[in-house]
Amino acid sequence: EPEVTQTPSHQVTQMGQEVILRCVPISNHLYFYWYRQILGQKVEFLVSFYNNEISEKSEIFDDQFSVERPDGSNFTLKIRSTKLEDSAMYFCASSVAGGFFTDTQYFGPGTRLTVL
Amino acid sequence: GDSVTQMEGPVTLSEEAFLTINCTYTATGYPSLFWYVQYPGEGLQLLLKATKADDKGSNKGFEATYRKETTSFHLEKGSVQVSDSAVYFCALSDKGAQKLVFGQGTRLTINP
């Protein structure tokens, strides 16, 4: 069964450093998402991406964050200058459809980011 | 804004017990409702969903009915197993929005 994969599973970085989290969505999916879960808190939406551009983003997704689909398979989340409060589990998800037509989002296993 | 509230966890039950995890929501439109499950060390997996009022989602013995009048989507299972131990998340997606809005998750532990 196709699945969303994410690398690395755990990333440790120093405050102020740039990190790139990588995801490979399911191959025929067109919509891509990033969510995060700070320890003990809710899973929060960050951004959705369709047709090579951001289609929706939350207040959390400020100028420190960016997303990219550099090739036909990868979908990345970049944090330019990490802060302690960026420590969280980051989940990538993808869906065939989106927008008005709510479709099932399939999640990857997550990348645990620890900022020291 | 849209929100989802789940019953506080953790929940601990014995094998073969009846399970209910409560979920209520607030939404401006007519959302689709979901239950996701996260097993230890794994990502979020869709357990079941319902896209309109009175729909019942079901999977692996779990059920949830979309109740518009009570804005609820409670998860039930008649006889739980040790393998059902996981964290369960209720979520909604409003029409015209792409994001999922999650509840806080409920950790379920089933003892043999």
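Let me begin by describing the structure that accompanies this report. (Residues numbered from 1 in each chain as written. Chains lettered and ligands numbered in written order. Predicted model: local features only at pLDDT ≥ 70, side-chain atom pairs only at ≥ 80, totals over all residues. Heavy atoms only, no water.)

Right, let's get into the overall build of chain A. Across its full length, chain A carries zero helices and 11 strands. Going from N to C terminus, chain A has its helices and strands arranged as β-β-β-β-β-β-β-β-β-β-β. Over its C-alpha atoms chain A spans a radius of gyration of 13 Å, differing by no more than 12% from the 13 Å that the globule rule assigns to 116 residues. Referenced to the eigenvectors of the C-alpha coordinate spread, the extents of chain A come out at roughly 40 × 30 × 30 Å. (Helix = DSSP H or I, 4+ residues; strand = E, 2+ residues; numbered from the N terminus. Rg over C-alpha atoms; globule rule 2.2 N^0.38 Å.)

Scanning chain B for helices and strands turns up zero helices and 12 strands. Order of helices (α) and strands (β) in chain B, N terminus to C terminus: β-β-β-β-β-β-β-β-β-β-β-β. The C-alpha atoms of chain B give 13 Å as radius of gyration, which agrees with the globular expectation for 112 residues (13 Å, within 12%). Expressed as lengths along the three principal axes of its C-alpha atoms, the size of chain B is roughly 45 × 25 × 20 Å. Across the 112 residues that make up chain B, the buried fraction comes to 47%. Intrachain contacts of chain B at a sequence separation of at least 6 include 56% that bridge at least 24 residues. Here chain B has roughly 5100 Å² of accessible surface; of this, 47% comes from carbon and sulfur atoms. Where the 10 positive side-chain charges of chain B centre and where its 12 negative ones centre are 6 Å apart. (Buried < 20%, exposed > 50% of the residue type's maximum accessible area, 1.4 Å probe, protein only. Contact = heavy atoms within 4.5 Å. Areas by Shrake-Rupley, 256 points an atom, 1.4 Å probe, with all protein chains shown as cover. Lys, Arg positive; Asp, Glu negative; His and termini not counted. Charge placed at Lys NZ, Arg CZ, Asp CG, Glu CD.)

What follows is about the environment of K78 of chain A. Residues and elements named next belong to chain A. Within the secondary structure layout, K78 lies in strand β8 (residues 75-79). Since its relative accessible area comes to 27%, K78 is described here as partly exposed. Distance from K78 to I20, taken between C-alpha atoms, is 4.4 Å for residues 58 residues apart in sequence. Once residues within four sequence positions are removed from consideration, K78 is found in contact with E18, V19, I20, Q64, F65 and S66.

Attention now goes to the sheet that holds strand β9 (residues 75-77) of chain B. Residues and elements named next belong to chain B. Judged by pairing direction, the sheet is antiparallel, and its four strands sit side by side in the order β3-β9-β8-β7 without closing on themselves. Each of the sheet's edge strands pairs with one partner strand only, and the pair in question is β3 (19-21) and β7 (56-59). Across the sheet, the axes of successive neighbouring strands diverge by a mean angle of 15°, strand direction being ignored. As judged from the four bridges shared by β7 and strand β8 (residues 62-65), these two strands associate in the antiparallel manner. Each residue of the ladder has a partner; that of N59, found in β8, is F62. (Pairing = 2+ DSSP bridges. Axes fitted to C-alpha atoms, helices over the stretch in contact; angles between N-to-C directions.)

Attention shifts here to the interface of chain B and chain A. The partner chain A presents 19 residues to the 22 residues of chain B that form the contact. Sorting the residues of chain B by area buried against chain A places L44, Q98 and F102 of chain B first, and these three jointly supply 35% of that buried surface. The interface formed by chain B and chain A contains zero salt bridges. Across the chain B-chain A interface, the total number found is four residue pairs in polar contact (both at pLDDT 80 or more). For the side of chain B that touches chain A, the secondary structure elements donating two or more residues are β5 (32-38), β6 (44-50) and β10 (86-93) of chain B. At four residues, β5 of chain B tops the list of elements feeding residues into the side of chain B that touches chain A. (Buried area = accessible area lost by both parts, 1.4 Å probe. Salt bridge = Lys/Arg side-chain N within 4 Å of Asp/Glu carboxyl O. Polar contact = N/O pair within 3.5 Å; in protein donor to acceptor, adjacent residues only side chain to side chain.)

This part is about the environment of T5 of chain A. Residue and element names in this part refer to chain A. Positionally, T5 belongs in strand β1 (residues 5-7). Residue class for T5 comes out partly exposed when judged on its relative accessible area of 34%. Each C-alpha atom of the pair T5 and A93 lies 9.2 Å from the other, and the pair is 88 residues apart in sequence. Discounting chain neighbours no more than four positions away, the residues touching T5 are R22, C23, V24 and P109.

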